[in-house]
Amino acid sequence: MRAPAIQVRGLKKSYAHKVVLDDVSFEVERGQIFALLGENGAGKTTTVRILSTLIQADRGTASIDGCDVTLESDRVRQIISLTGQYAAVDELLTGKENLHLMGGLLHLDRQTVRRRATELLTLFDLTDAAGKIVKTYSGGMRRKLDIAISLLGSPKVIFLDEPTTGLDPRSRASMWEMIRQLAREGVTIFLTTQYLEEADQLADKIAVLAEGRIVAEGTAEQLKAVIGEERLELHFHNSADGRRAATLLHLPMEGDGLQLSLPAGGTTDSLRSALNMLHEHDIVPATVNYRKPTLDDVFMALTGNTEKEVRHYA
Ligand code: ADP
């Protein structure tokens with residue numbers, strides 16, 4: 001059986017007395033888009049730095065395509081790409097010149113560089129901009145060129161650290177499409193992100209990292225299912241109505257006292273009886289919304305937990 005694209009077992013890393021990673025384990029299959037999701041300071045970059053051989057863990061093991069990141073670091077460096085770290089974009093060169101420069105640094109033969117450069121410029125929709133100096137590029141174009149450069153050596157695994165931070169919605173959508181395209185071509189993608197939507201849109205598998213521990217792992221759907229139920233959200237015109245409704249429905253008041261949220265329970269019966277009850281007491285909600293759980297809910301529920309147990313949903 002072939003090894004998974006990425007395998008991480010019991011990683012621990014501390015700086016001085018601060019534990020940054022505390023027993024982190026996960027696996028990523030080939031061709032999968034994996035998102036490591038966490039707030040600032042959760043330990044995402046530290047994980048990427050260990051996997052990409054830039055720093056060593058204190059304990060535990062990690063391998064890329066079956067190669068140990070510590071014992072076979074040279075081999076690992078040949079099969080991965082790390083955007084924004086290895087690929088330095090020269091602003092005074094054109095996009096194409098940048099690609100050729102990196103091709104030389106990687107000791108690729110000229111014909112291969114020419115072919116890959118053309119392929120990548122097409123994939124990233126940069127063909128028209130290829131002859132222009134990078135200084136004239138937008139933020140999104142630079143980011144794409146940066147990734148294109150890191151892909152020249154045809155890596156098997158690519159690490160994308162917050163790939164769409166700071167991009168406008170249009171560039172973000174085009175970056176997402178490009179990432180999907182890379183995965184379709186069989187590249188394994190390790191994404192770190194603070195954006196739940198990004199993980200939801202892209203990832204085949206998500207691991208939520210909080211304070212150096214994986215607190216949940218699974219597909220977006222599996223994670224949403226943890227928080228479970230769909231809910232009915234009621235907003236009231238005034239807090240007196242809100243309070244009366246809360247008492248009638250045996251629910252805690254939320255926020256400013258104008259909002260209630262009740263589990264939909266998968267059937268319309270409970271919803272109908274709740275609304276009937278309010279109607280009988282002359283309470284008319286200002287708005288009624290039916291809401292499916294989002295990854296936001298999952299994230300808040302998991303990272304807000306003080307009891308951090310690992311939950312596997314995969
Ligand atoms: P993230 O990428 O999720 O924002 P990081 O992995 O960058 O998180 O950082 C996790 C924690 O480790 C932070 O509290 C950070 O201050 C600390 N840390 C990271 N690198 C170092 C370092 N070289 N020295 C000391 N502390 C560090």
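Residues numbered from 1 in each chain as written. Predicted model: local features only at pLDDT ≥ 70, side-chain atom pairs only at ≥ 80, totals over all residues. Heavy atoms only, no water.

Our focus in this paragraph is the domain arrangement of the protein. When the parts of a complex come together, some accessible area is lost, and that lost area is often used as the size of the interface. In terms of domains, the protein is made up of domain 1 (6-225) and domain 2 (229-292). Each of domain 1 and domain 2 has a C-alpha centre, and the two are 44 Å apart. (Domains from an automatic or database assignment.)

What follows deals with the nonpolar core. One finds L99, I179, I189, I206 and V208 to be the most contacted residues of the largest nonpolar core, which totals 47 residues. When residues of this core are assigned to their parent elements, the largest contribution, 6 residues, is made by helix 6 (residues 169-184). For V208, the contacting residues outside a window of four places in its chain are L37, R213, I214, V215, A216, L223, F299, L302 and T303. Core analysis: the second largest hydrophobic core is formed by 30 residues, L21, V28, V48 and C67 among them. (Core = buried A, V, L, I, M, F, W, Y, C linked by side-chain atoms within 4.5 Å. Buried < 20%, exposed > 50% of the residue type's maximum accessible area, 1.4 Å probe, protein only. Helix = DSSP H or I, 4+ residues; strand = E, 2+ residues; numbered from the N terminus. Contact = heavy atoms within 4.5 Å.)

As a matter of local geometry, the ligand sits amid Y15, K18, V20, E39, N40, G41, A42, G43, K44, T45 and T46. Measuring from an oxygen atom of the ligand, one finds a backbone N or O atom of A42 at 3.1 Å. A distance of 2.8 Å separates an oxygen atom of the ligand from a polar atom in the backbone of K44. The fraction of the free accessible surface of the ligand (560 Å²) that becomes covered by protein chains is 61%. For the shell around the ligand, the secondary-structure elements that each account for two or more residues are strand 2 (18-28) and helix 1 (44-51). Per-element accounting of the shell around the ligand gives the leading share, 3 residues, to helix 1. When its residues are assigned to classes, the shell around the ligand shows 3 nonpolar, 5 polar and 3 charged. (Near = heavy atom within 4 Å. Polar contact = N/O pair within 3.5 Å; in protein donor to acceptor, adjacent residues only side chain to side chain. Areas by Shrake-Rupley, 256 points an atom, 1.4 Å probe, with all protein chains shown as cover. Nonpolar A, V, L, I, M, F, W, Y, C, P; charged D, E, K, R; others polar.)

Turning our attention to the sheet that holds strand 11 (residues 231-235). The strands making up a sheet associate through backbone hydrogen bonding, with each pair oriented either parallel or antiparallel. One open sheet accounts for 3 strands, arranged 12-11-13; its pairing is antiparallel. Two strands lie at the open edges of the sheet, namely strand 12 (259-263) and strand 13 (287-291), each paired on one side alone. Ignoring strand direction, the axes of neighbouring strands in this sheet form an average angle of 20°. Bridge count between strand 11 and strand 12: 5 bridges; the pairing is antiparallel. (Pairing = 2+ DSSP bridges. Axes fitted to C-alpha atoms, helices over the stretch in contact; angles between N-to-C directions.)

It is worth spelling out the sheet that holds strand 2 at this point. Across the sheet, 4 strands lie side by side as 2-1-4-5; this open sheet has antiparallel pairing. Each having just a single partner strand, strand 2 and strand 5 (67-68) make up the two edges of the open sheet. As judged from the 2 bridges shared by strand 4 (residues 59-64) and strand 5, these two strands associate in the antiparallel manner. In the sheet register, I64 faces strand 5, and the bridge partner there is C67. Of the strands in this sheet, strand 1 (6-15), strand 2 and strand 4 touch helix 1, which is tilted by about 60° from strand 2.

For helix 3 (residues 95-105), every residue scored as buried is listed here: G95, N98, L99, M102 and G103. Down the axis of helix 3, the smallest arc covering the buried residues is 140°, so these residues share one side. Its buried side turned inward, helix 3 meets helix 4 (110-123) and helix 5 (139-150). Positive phi appears at H107, one or two residues downstream of helix 3, with a value of about 60°. (Arc of directions from axis to C-beta.)

This paragraph deals with unusual backbone geometry. Unlike most non-glycine residues, H250 shows phi in positive territory, near 55°. With respect to the element layout, H250 can be found in the loop between helix 9 (239-249) and strand 12. Even without being glycine, D282 reaches a positive phi, approximately 55°. Structurally, D282 can be placed in the loop between helix 10 (268-280) and strand 13. Note on D282: relative accessible area 67%, which makes it exposed.

This next bit is on the confidence of the model for the protein. Detailed reading of the predicted model is not advised wherever pLDDT is low. For the protein, mean pLDDT is 87; residues scoring 70 or higher make up 93% of the total. Within the model, the stretch residues 306-310 combines pLDDT values under 50 with 8 contacts to residues more than four positions away or in other chains. (pLDDT = per-residue confidence, 0-100.)

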